[in-house]
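A look at the structure
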Amino acid sequence: MTSPHLLLVLVRGLCLINLGALGLLFGSAGLYIQDFRGLDVHGLGAIGLHVTSGLLAVALLLMVKVSKTGRVPTVLAVATFGLSFLQAAIGSTMTLAGHVSGALLLTVMLTWVTAWAFSSRRRGEEHRRTETRNHSLEGASS
């Protein structure tokens, strides 16, 4: 069985890679808007976001299965994966307002998932820690 701790480390790493891909996308989009260059880099960043957001969604699905925590981040990661493809579909100069709005939504969603992954008080885990601590104290000799 997969260790919840290893899954959390994987999720954290994938979150950081996703945010890095978003940074690359924002930088290359700026170059494209300003000087009409960097579209190839933007396309590679988009492919990277597709792959890493899909991996993040799978890792979070495994985390929910193994540790019964992370349902909301999992839904957001799956939505991010889907939205990344919608972004690619509407990524032209004619639909720039929708593309920029989608990019901001992706950023908010991935930032929230990353904050959750690095939070020391993820929902559900605090309750289990308290139960474990109380169970350990009950079994201690007086």
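What comes next is a walk through the structure. Keep in mind that what you see is a predicted model, and the values were worked out from it rather than measured. (Residues numbered from 1 in each chain as written. Predicted model: local features only at pLDDT ≥ 70, side-chain atom pairs only at ≥ 80, totals over all residues. Heavy atoms only, no water.)

Another point: the overall build of the protein chain. Helix and strand content of the protein chain: 5 helices and 0 strands. In the protein chain, the succession of α and β elements from N to C terminus is α-α-α-α-α. Excluding contacts between residues fewer than 6 apart, the proportion of contacts in the protein chain whose partners are at least 24 apart in sequence is 69%. (Helix = DSSP H or I, 4+ residues; strand = E, 2+ residues; numbered from the N terminus. Contact = heavy atoms within 4.5 Å.)

The next thing to look at is the environment of Ser3. Of note, Ser3 is situated in the segment before α1 (4–35). For Ser3, a relative accessible area of 29% puts it in the partly exposed group. Between the alpha carbons of Ser3 and Val66 there is a distance of 7.8 Å; along the sequence they are 63 residues apart. (Buried < 20%, exposed > 50% of the residue type's maximum accessible area, 1.4 Å probe, protein only.)

Moving on, we get to the pattern of salt bridges. Side-chain pairs of opposite charge can arise whenever the charged atoms involved come near each other. Summed over the entire model, instances satisfying the criterion amount to 1 salt bridge. Of the charged contacts, one joins Arg37 and Asp35 as a salt bridge, the two residues approaching to 3.4 Å between their closest N and O atoms. You can call Arg37 partly exposed: its relative accessible area is 46%. (Salt bridge = Lys/Arg side-chain N within 4 Å of Asp/Glu carboxyl O.)

Another point: helix α2 (residues 39–67). An ideal rise of 1.5 Å per residue puts 42 Å on 29 residues; α2 measures up with 41 Å between its terminal C-alpha atoms. Note on α2: the residue one or two positions beyond its end, Lys68, has a positive phi of about 55°. (Expected span 1.5 Å × (residues − 1).)

Our focus in this paragraph is a nonpolar patch on the surface. A cluster of nonpolar side chains, Phe26, Ile33, Leu96, Val100 and Leu104, forms an exposed patch at the surface whose accessible area comes to about 430 Å². Where the nonpolar patch is concerned, the elements lending two or more residues are α1 and α4 (96–118). Structurally, the position occupied by Phe26 is in helix α1. (Patch = residues over 30% accessible without salt bridge, like charges linked within 9 Å, V, L, I, M, F, W, Y side chains within 5 Å. Areas by Shrake-Rupley, 256 points an atom, 1.4 Å probe, with all protein chains shown as cover.)

An ideal rise of 1.5 Å per residue puts 33 Å on 23 residues; α4 measures up with 33 Å between its terminal C-alpha atoms. At its buried positions, α4 is contacted by α1, α2 and α3 (71–89).

What follows deals with the packing of α3 against α4. In a pair of packed helices, the angle between the axes and the distance between the axes together describe the arrangement. Contact geometry for α3 and α4: axes closest at 10 Å, N-to-C directions at 155°. By the angle class used here, α3 and α4 are roughly antiparallel. Here α3 runs over α4; the crossing is left-handed. Along its contact with α3, which presents Val72, Pro73, Leu76, Ala77, Ala79, Thr80, Leu83, Ser84 and Gln87, the element α4 presents Gly98, His99, Gly102, Ala103, Leu105, Leu106, Met109, Leu110, Trp112, Val113 and Trp116. Class assignment of the residues belonging to the contact of α3 with α4 gives a composition of 14 nonpolar, 6 polar and no charged. (Axes fitted to C-alpha atoms, helices over the stretch in contact; angles between N-to-C directions. Parallel < 35°, antiparallel > 145°, perpendicular 65-115°, else oblique. Left-handed = near helix turned anticlockwise from the far one by under 90°. Nonpolar A, V, L, I, M, F, W, Y, C, P; charged D, E, K, R; others polar.)

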